[in-house]
Amino acid sequence: MQGTNRPIVVLDFGAQYSKLIARRIREASVYSLIVPFNLPIEEIKAMNPAGIVFSGGPASVGAPGSPKPDPKVFELGVPILGICYGVQLFADMLGGRVERATEREYGIAHLEHSDATGFFAGVDAHTQVWMSHGDRVEALPAGFETIGHTANSPFAAVADPKRRLYGVQFHPEVVHTPQGKTILSNFVHKICGCPAEWDMGSFVGPAIEEIRRTVGDRKVICALSGGVDSSVAAVLIHRAIGSNLSCVFVNNGLLRKGEAEMVQEVFRDNFHINLDYVDAEERFLTALHRMSDPERKRKVIGGLFIDIFEEEAKRLGHMDFLAQGTLYPDVIESVSATGGPSVTIKSHHNVGGLPDKMNLILLEPLRELFKDEVRALGRELGLPADIVGRHPFPGPGLGVRCIGEITRERLDTLRDADAIFIDEIKKAGLYGEIWQALVCLLPVRSVGVQGDERTYEEVCSLRAVTSEDAMTADWYRFPSDVLQRVSNRICNEVGRINRVLYDVTSKPPGTIEWE
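Residues numbered from 1 in each chain as written. Predicted model: local features only at pLDDT ≥ 70, side-chain atom pairs only at ≥ 80, totals over all residues. Heavy atoms only, no water.

Draft legend 1. Representation of the environment of V482 within the structure. Within the secondary structure, V482 sits in helix α15 (residues 480-493). With a relative accessible area of 2%, V482 lands in the buried category. Separated by 61 residues in sequence, V482 and F421 place their C-alpha atoms 9.4 Å apart. When near neighbours in sequence (up to four residues on either side) are disregarded, V482 contacts A428 and L430. (Helix = DSSP H or I, 4+ residues; strand = E, 2+ residues; numbered from the N terminus. Buried < 20%, exposed > 50% of the residue type's maximum accessible area, 1.4 Å probe, protein only. Contact = heavy atoms within 4.5 Å.)

Draft legend 2. Up close: the packing of helix α5 (residues 200-215) against helix α12 (residues 371-380). Running from N to C, α5 and α12 point in directions that differ by 75°, and their axes come no closer than 9 Å. Our classification of the angle between α5 and α12 gives roughly perpendicular. Between α5 and α12, the contacting residues are M200, G201, F203 and V204 on the first element and E373, A376, L377 and E380 on the second. Counted by class, the contact of α5 with α12 contains 5 nonpolar, 1 polar and 2 charged residues. (Axes fitted to C-alpha atoms, helices over the stretch in contact; angles between N-to-C directions. Parallel < 35°, antiparallel > 145°, perpendicular 65-115°, else oblique. Nonpolar A, V, L, I, M, F, W, Y, C, P; charged D, E, K, R; others polar.)

Draft legend 3. Geometry of helix α1 (residues 18-27). Along α1, 7 of the 10 residues are buried, which leaves the element largely enclosed by surrounding structure. Where α1 ends, the next residue or the one after it, S29, has phi of about 65°, a positive value.

Draft legend 4. How the structure looks around the sheet that holds strand β13 (residues 321-323). Pairing is parallel across the open sheet formed by 5 strands, whose spatial order is β12-β11-β10-β13-β14. Of all the strands in the sheet, the pair left with one neighbour each is β12 (274-279) and β14 (361-363). Strand-to-strand twist across the sheet, computed as the mean angle between neighbouring axes with direction ignored, equals 25°. Where strand β10 (residues 220-223) lies against β13, 3 bridges are found, and the strand directions are parallel. Note that in β13 the partner of V220 across the bridge is F321. Here α5 sits on the sheet in contact with β10, β13 and β14, set at roughly 170° to β14. (Pairing = 2+ DSSP bridges.)

Draft legend 5. Representation of the nonpolar core within the structure. Counting 108 residues, the largest nonpolar core has F54, F267 and L377 as the members making the most contacts within it. Of all the elements, helix α6 (residues 228-241) adds the most residues to this core, at 9 residues. In this structure, F54 is in contact with L11, F13, P69, V73, F74, I80, L81, G82, I83, G86, L89 and F90, ignoring residues within four places of it in sequence. In this structure, C402, L414, I422 and L441 belong to the second largest nonpolar core, which totals 48 residues. (Core = buried A, V, L, I, M, F, W, Y, C linked by side-chain atoms within 4.5 Å.)

Draft legend 6. Molecular detail of the pairing of strand β4 (residues 80-83). Side-chain alternation along β4 places I80 and G82 on one buried face and L81 and I83 on a second face that is also buried. With 3 bridges connecting them, strand β3 (residues 51-54) and β4 associate as parallel partners. Across the sheet, the residue bridging to F54 is G82, located in β4.

Right under this line is the structure:
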């Protein structure tokens, strides 16, 4: 599905940064994909790669059982870049030597390079890099030369220009190597000769053709949440197969303000997608009556959604495929670097349990894309900015933001407060800087004074974080006047709240959501 680009194939040796390598290459407008290090050489060959990257990894190349690629990878005749463990593989497999370093390097180091091959074109002769290794190359294989060093790594950057083999002991893919993007761009463009062709415009056509080939004249059902991933998947599939796609949108009563109306307007009225709207608010609120335990909430909400989705699928008639907005990070996490038994342990089914119970074939047209690429694809397909750029929203919705007991009145209170918070963030031009912003309604009441009268009302907490991948997050530093406006509006416009807090907890130790 990569379009006209020959891909850059990243062989994963268990690195924590493999996803970053693939992302940085795609940011250079070249298609890349990650595969296990032990993928058979014939399968790698069939991908027709323009270049290959050996990722880092936690192992020592000399340890028994350490991961190594098929030696025939060096016979493919394509450029190879070895990163950290990857460059040590060059030395170990091609006749050099790797030993435990007497002085290990973790963190910032300073590289000096003297490169005439183009690999360091545009990179300062003295530049900061990020190291994370305990072993190092002590002797180079025949044909290699040193093109860069640090205080503790005499072979911090090496090259065999004749065979187009390049290796770096540092990590160019991380932000702590400020000119790392330039280095990777040089590798894919100057060394591998890749044109800058990868973008969402080049993705759409091949993706639509692939969906058509896969589905044929059969039927597809999609659980549409209104979030970015399912929305983009639905529009892309609809572009491919038209009325053979049916979407189910379940209003569980736990949605944000105006969300049910917006989803129907966008998908049914604007894109003319078959949309089965199910108003299940009463069923969910009845099932959640007097329930406050967060885990019970999640299970009840998830289980009831599956029941309703199954009911609607039967009502719509025979379906062959279940469409999901699975993204590339989900796919990568589902496959072990070693290709061992763990490949089946963690599966990312966005609608948990449905494929096995309903005997549907999974259709995942976004499985090659990262989140930012999905947003770009949404813009390419004409989705409105309010959907393409919206913050993540949890599957259980406001059910896990209404802390404590869930009632219709408390949900309405939370909806109103949340709408004000998001509105003021957008007015301040800050929405795009924030990964996720939300309001939690707390299970406590507070004494207040409003209009010279004593009040005893609910308390809400604002939450806004910055993040790259939601694995870690930091609280967002708002200008004080923005917080003041939010607080004033909530206390004035939402009659059941008289106190507004701001959550300044990072992740870890906290999580982004409260429940």
